[in-house]
Amino acid sequence: NYDYHGERMIGSASREPLTGWIVVDPTRLKSFLGSYALAFLLIFAVSLLVWIVLALSLRKQIQRFVVTPMERLRDSANALAQGDYTQVSTLSVTPTSFAELHKLSSDFQTMSGTLQIRESELQRAHDELEARVAARTEELSISNKELKITSDNLQQSNLELQKEIAERKRVEAQLAQNLVEIEA
């Protein structure tokens, strides 16, 4: 690398074995770097393009195998919280290439099944309790009707007895007065 008439030059030198002369092969630095600059620019552009394609491909794979399963898992968790057990079955068709996501998805399916069984058992127990309450209410209603009839009969008997007692007292008083009249 040297200056020659105001231009930057690059060259190579070698000694000629027969003559002993030093042969210098000069090249302008601009033209030398220009050819490499174009090659460097092409390599850089191709590398950048390859990196962009790889980044987009990686983004697509992450979206497919990580983000989408996580979103479905979130949606399934929200559905479970609302009592909708049908959404969890969609987790089995979600592609996952990570063992952790697959395990988490499997655990959600197991949890959903367990919750579904518990809820159906709870509903069955609730229905059974409702039926028992209805039967007991009917029994109590019948008992109340029977007690009302018995109470009404007792009141009627009580009124009749009070009338009979009043009649006996009146007859007794009449007999006592007749007895007094007879003795007098």
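It should be emphasised that the depicted structure is a prediction, and the values quoted were computed from it without experimental measurement.

So, how was this worked out
- Starting afresh in each chain, residues are numbered from 1 along the sequence in its written order.
- Where local features are concerned, this predicted model is filtered to residues with pLDDT of at least 70; where side-chain atom pairs are given and counted, the filter is 80 or more; whole-chain, interface and lining totals use all residues.
- Calculated side-chain values reflect all of the structure's heavy atoms, with hydrogen atoms and water omitted.
- Only DSSP runs of H or I reaching four residues or more are called helices, and only runs of E reaching two or more are called strands; each is numbered from the N terminus.
- A radius of gyration in this sense is built from C-alpha atoms; the matching globule rule multiplies 2.2 Å by the number of residues raised to 0.38.
- In this scheme, a residue with accessible area under 20% of its type's maximum is buried, one over 50% is exposed, and one in between is partly exposed, where area comes from a 1.4 Å probe on protein chains only.
- In what follows, residue pairs with any heavy atoms lying within 4.5 Å of each other are defined as contacts.
- Areas reported as accessible are Shrake-Rupley estimates using a 1.4 Å probe. Residue values count occlusion only from the protein chains shown.
- Only four residue types enter the tally: Lys and Arg on the positive side, Asp and Glu on the negative side; His and the chain ends are excluded.
- Charged side chains are reduced to one point each, which is NZ for Lys, CZ for Arg, CG for Asp and CD for Glu.
- One fewer than the residue count of a helix, multiplied by 1.5 Å, yields its expected span.

S.K.: Help me out: how do you make sense of the overall build of the protein chain in this one?
M.R.: Secondary structure assignment for the protein chain yields two helices and three strands. Walking the protein chain from its N terminus toward its C terminus, one meets helices and strands in the order β-β-β-α-α. The C-alpha atoms of the protein chain give 55 Å as radius of gyration, which overshoots the globular expectation for 184 residues (16 Å, by more than 25%). For the protein chain, the residues scored as buried account for 9% of the 184 residues in total. Residue pairs at least 24 apart in sequence account for 33% of intrachain contacts in the protein chain once pairs closer than 6 positions are excluded. Counting only carbon and sulfur atoms, one obtains 62% of the accessible surface of the protein chain, whose full area is about 15,500 Å². Charge separation in the protein chain, taken as the distance between the mean sites of 20 positive and 24 negative side-chain charges, equals 13 Å.

S.K.: What am I meant to see in helix H2 (residues 99-183) here?
M.R.: Each turn of an α-helix holds 3.6 residues, which means side chains three or four residues apart point in the same direction. Given a rise of 1.5 Å per residue, 85 residues ought to cover 126 Å, and the 122 Å separating the end C-alpha atoms of H2 matches this to within 8%. Taken as a whole, H2 has its buried residues at Leu101, Ser105, Phe108 and Ser112.

S.K.: Teacher, can you tell me more about the environment of Val67 here?
M.R.: If you trace the backbone, Val67 turns up in helix H1 (residues 29-82). The partly exposed category is assigned to Val67, whose relative accessible area is 27%.

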